[in-house]
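Descriptive structure summary
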Amino acid sequence: MGRAPPRAAQGKRSLAWAVAGFELRHQLGSPVVAVVVAISVLMVLGSATIDALRIGPLAAVDPPGSPLAVARVYLVWTLFFLFTSMAFVADAVLRDDITGFGAIVRATPARVPDDLLGRFAGAFAVVALCFMNVPIGLALAGWAPWIDQPPDAASIPWGRQAQVHGFALLVLALPNLLLGAALFFALATLVRSMGAAYLGAVALLLAYGLGAGPSPSSAQPTTSAALLEPFGFAALAAATQGWTEAERASRLPMLSGVLLWNRVVWLAASLALLWAACGLYRVEPRRRAPGASPSAPSSAGARPRTRAMEDASRGPSSVGTAAAPSFGRATAVAQYVARTRLETRRVFGTPAFAALMLMGLANAVASLWSATDPAAPQRLDDSAALAQRLVEAFRLAPVAVALLYSGDLVWAEREGRVHELVAAAPVPDAAVLLPKAFALLLVLATLLAASVAAALGVEWARGHAGIRPGAYVSAYLLPHGVEWLLFAVLAVSLQAVSPGKLAGWGWTVLALIASFALERMGLVDGWYRYGRSDSAAAAFAASPEAPGPLGLSVPAWLRLYWTAFAVLLLALACAAWGRGTEPRTAARLAGLGRRMRGPLGTVALAAGVAVAAIGAALLGQAR
Amino acid sequence: MLDIRDLVHVYPDGTRALDGVTLSAPAGVLGLLGPNGAGKSSLMRCLCTLQRPTAGSIGFDGIDVLAEPQRLRQALGYLPQDFGVYPRVTARQMLEHLAVLKGLADRHARREAVDAMLARVGLWEARDRTLEGLSGGMRRRFGVAQALIGAPRLVVVDEPTAGLDPEERNRLLDLLASVGEQVVVILSTHIVEDVADLCPRVAVLAAGRIRLQGAPADLVAAMRDRVWRTTVPHDAVDALRMRLPMLSTRLSAGRTMVRVQADVSPGPGFEAAAPTLEDVYFSTLAASRPAR
């Protein structure tokens, strides 16, 4: 701030455009954009064509294929894109602090508004470009080979479709995206930390969801509510209030009245937020981590006088005598424990984990609370039924945690550039990757325990008489908890054989989509759907609970079968991951055979035999 | 103790980073000199089991490193040229973690060793600060601490003094010198002064090959009466370079001091100069370049 402009006004304008152009090119060159594009196209396509992926607020509100339904799809997707906006605009404003490049940029004579607004413009352009996946995904839905009826949007004539999509994009989506981007841009500028910005964004979205969230089915908003609800759901509902079924099936509202004023108010708010961001921006470099951690001991500064220290003060002899390493079983166990502890602490210490857990728990508690409302027409008061409800309400949190942290954990050393230190240490090959899987399993187990505790808390608060904790084990933890744990192992394994974190995430998302697609195609047998034991399905449908081999139920055998498979996956992943500086998957896989000659190979062989034996026994039982 | 034979490493893009490196090192500090891109870091990584060479062998104290990398790791302390830090982890926590990985399983002994090492590298006061909050020099000292913990018998340090102020640099070199009295220390650097100050043996690596090795004093003595110096105007340097095998030039007070290698005086205005290790280094590099 306070820096003199180097050139005339024309120069300042071109500087902002130049910054915007650089930002746009920089972000478009990032693999994150490619991943966002790929995933969002798949998600839009999936939500338009696969029932299992259909987004709640889209279902059964407006006639399928109607202009109003298309408009609402755009509105809902702007909510999904809020986190994309967050990632892109926060990166634009925080990149210099994170990379340590800030001092160089801030020492230039560029004015803060030119620099900052240029960055925002570039990042927002990327968000808007990514959002084009919504019309693209909806268009592709018309040609999806797995559907036998026209999708919602494809039944509208082309000319009318252009009009409808233009209205939805320009009037509804882009102002929403601008508002979200400006809000998160200001937030990131204020807090100057990616983690804090994400946490703030989650808090704001939770506040929005709890307060003025979209409730299209119960849409009778007052004028003030329609004006003040920022994303236009209420305004759209108000603008279409009193429409007949025929009107809802064919019309779009005019951009006038409350809808127009809602858009104007929130466009103005977006500009105000950008103006605030310029005011909030501080040229001073971000303060590094404080000097002392909260756990700084009271004896700080006092040098300890231990025998080892005295050795040290005598000089080189201490290198050989201070503490000699040993390499037995006890050391290996200590190494696994230390690695697992570090990895676990790393996940628990991130704001994103707290946010995901809180979001999941909030959603689960809200869902269970409404399901146990004494006034509800179909009130649930049985622990087993509530456990089923908990599955639906909470399942996103463990899947999201497994997806996110599999990548973060597996690639942490390489991203933090400490992989050479760890790889050069005398730890077993498996001790590089395996503790990451252990840590993720521990984190998920904590998450599941928290969700069960929350459900029991709801039952207790509602005064249920016959609370049965065991029902949560049999109806929630065993079928679904185990499935999510196994998913985490799959996610870690896929990361380990991928050339990078983003590719690993991509493979894992594809595995999830493939699972949905199999279900959609009617292929639901537990023995080929990874991790599934709840729907033993077709082959066993005659008596799914009938005892299988050795008196265990078929679902129990399926859990053993997939657990053995997961062990096999993990052993292969440990051998494939390798250690050292080689990033290429092919080169790492080249050493797989050599690394499989030790204990990893034995474990893999045992797991493979178990998979084959249990699978054969299950198939025999099915026939 | 360390015996490297015919080591070759070719990267997938065809770059021949190591082209038949043969090198041996007894206990003590061996200075490995070489310009950027000479193959020093590739050699360090092969030596530390972080990448498998295309061909050749590495032996250390009876260990076949390529066949038994884990045994070598049990004797190894490694400071890479560039390393990062885990976020939100203090110096003491991280050093303890690495100490476990290096085989210090006993909690009490480990804590003592970690505290002693932190004191030894001058990080005791900063032991409970997060690694992110340490200055560049302190972070480098942490790197040395983690390399030395666990009683290594082979210490490999890659550019350890890069970016350090003179005081930090002296402290670190003293530490390596004291360690080098017992174990094999490979000090890879392109800073000739570090090697001249510290190493009883030196090897020069250029374009993937060892071009010269020996004791610095012997190498310098071999150049006695073959180094000449003069001071010329800046615009005369290029003409001189065309005519004479120039070792180095240095600008001073608007004129250029030139050092030239020749068996007899190159001409009027030149005076004999006492050779330095830097002269040896530049002479070796010049000889390793293909003739134009």
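Attention in this report is confined to the structure presented alongside it.

Comments concerning unusual backbone geometry
Residues and elements named next belong to chain B. You will see that Asp-61, though not glycine, has its phi angle at about 50°, which is positive. Classification of Asp-61 as partly exposed rests on a relative accessible area of 38%. Positive phi outside glycine occurs at Asp-225, with the angle close to 65°. You can see Asp-225 is positioned in the loop between α8 (216–221) and β11 (227–233).

Describing the sheet that holds strand β7 (residues 154–158) of chain B
Residues and elements named next belong to chain B. Ordered in space as β6-β7-β8-β3-β9-β10, the 6 strands form an open sheet in which the pairing is mixed. The open sheet is flanked by β6 (76–79) and β10 (209–214), the only strands paired with a single partner. Ignoring which end each strand starts from, the neighbouring axes of this sheet average 15° apart. Pairing geometry for β6 and β7, over 4 bridges, is parallel. When the sheet's bridge partners are listed, Leu-76 is paired in β7 with Leu-154. The strands touched by helix α6 (residues 166–179) within the sheet are β3 (28–33), β7 and β8 (184–189), with β8 carrying the most contacts at an inclination of about 145°.

Details of the nonpolar core
Ranked by size, the top nonpolar core spans 137 residues in total, and within it Val-401 and Tyr-476 of chain A together with Phe-142 of chain B carry the most contacts. Sort the elements by how many residues they give to this core and helix α21 (residues 430–461) of chain A lands first, with 17 residues. Every residue in contact with Tyr-476 of chain A, bar those within four places of it in the chain, is listed here: Ala-387, Leu-390, Val-391, Phe-394, Leu-448, Ser-451, Val-452, Ala-471, Gly-481 and Trp-484 of chain A. Counting residues in each nonpolar core, the second largest holds 63 residues, with Leu-68, Trp-77, Leu-138 and Trp-243 of chain A among its members.

Some words on the pattern of salt bridges
Per the counting criterion, the structure on display carries 35 salt bridges over all chains. For the salt bridge of Arg-16 of chain B with Asp-19 of chain B, the shortest nitrogen-to-oxygen distance reads 2.8 Å. A salt bridge links Arg-229 of chain B to Glu-271 of chain B; the nearest nitrogen and oxygen atoms lie 3.0 Å apart. In this pair, Arg-229 of chain B is assigned in strand β11 and Glu-271 of chain B in strand β14 (residues 271–272), connecting sequence segments 42 residues apart. Relative accessible area serves as the criterion here: at 37%, Arg-229 of chain B is assigned to the partly exposed category. Note on Glu-271 of chain B: relative accessible area 42%, which makes it partly exposed. Through salt bridges with shared partners, a single network forms among Arg-339, Glu-343, Arg-346, Glu-413 and Lys-436 of chain A.

Brief notes about the state of the cysteines
Cysteine pairs can be covalently joined through their sulfur atoms, and such a bond is termed a disulfide. This model, assessed by the stated rule, comprises 0 disulfides over all chains. Free of any disulfide, Cys-48 of chain B has its nearest cysteine sulfur in Cys-46 of chain B, 9.5 Å distant.

Here's the deal with the packing of aromatic side chains
The geometry of an aromatic ring pair comes down to the distance between the two centres and the angle between the two planes. Inspection of the entire model under this criterion finds 13 aromatic pairs over all chains. Between Phe-120 of chain A and Phe-185 of chain A, the ring centres sit 5.1 Å apart and the planes meet at 65°, which makes this aromatic pair edge-to-face. In this pair, Phe-120 of chain A is assigned in helix α5 (residues 112–131) and Phe-185 of chain A in helix α7 (residues 158–191), connecting sequence segments 65 residues apart. Across the pair, exposure class does not vary: Phe-120 of chain A and Phe-185 of chain A are buried alike. Here the aromatic rings of Tyr-476 of chain A and Trp-484 of chain A are separated by 5.8 Å at their centres, their planes lie at 75°, and the arrangement is edge-to-face. Across this residue pair, the class does not change: Tyr-476 of chain A and Trp-484 of chain A are buried. In this arrangement the basic side chain of Arg-127 of chain B is found over the ring face of Trp-124 of chain B, its NZ or CZ atom lying 3.7 Å from the centre.

Cut-offs used in this document
Residues numbered from 1 in each chain as written. Chains lettered and ligands numbered in written order. Predicted model: local features only at pLDDT ≥ 70, side-chain atom pairs only at ≥ 80, totals over all residues. Heavy atoms only, no water. Buried < 20%, exposed > 50% of the residue type's maximum accessible area, 1.4 Å probe, protein only. Helix = DSSP H or I, 4+ residues; strand = E, 2+ residues; numbered from the N terminus. Pairing = 2+ DSSP bridges. Axes fitted to C-alpha atoms, helices over the stretch in contact; angles between N-to-C directions. Contact = heavy atoms within 4.5 Å. Core = buried A, V, L, I, M, F, W, Y, C linked by side-chain atoms within 4.5 Å. Salt bridge = Lys/Arg side-chain N within 4 Å of Asp/Glu carboxyl O. Disulfide = S-S within 2.5 Å. Phe/Tyr/Trp six-rings, centres within 6.5 Å; stacked < 30°, edge-to-face > 60°. Lys NZ or Arg CZ within 6 Å of the ring centre and 35° of its normal.

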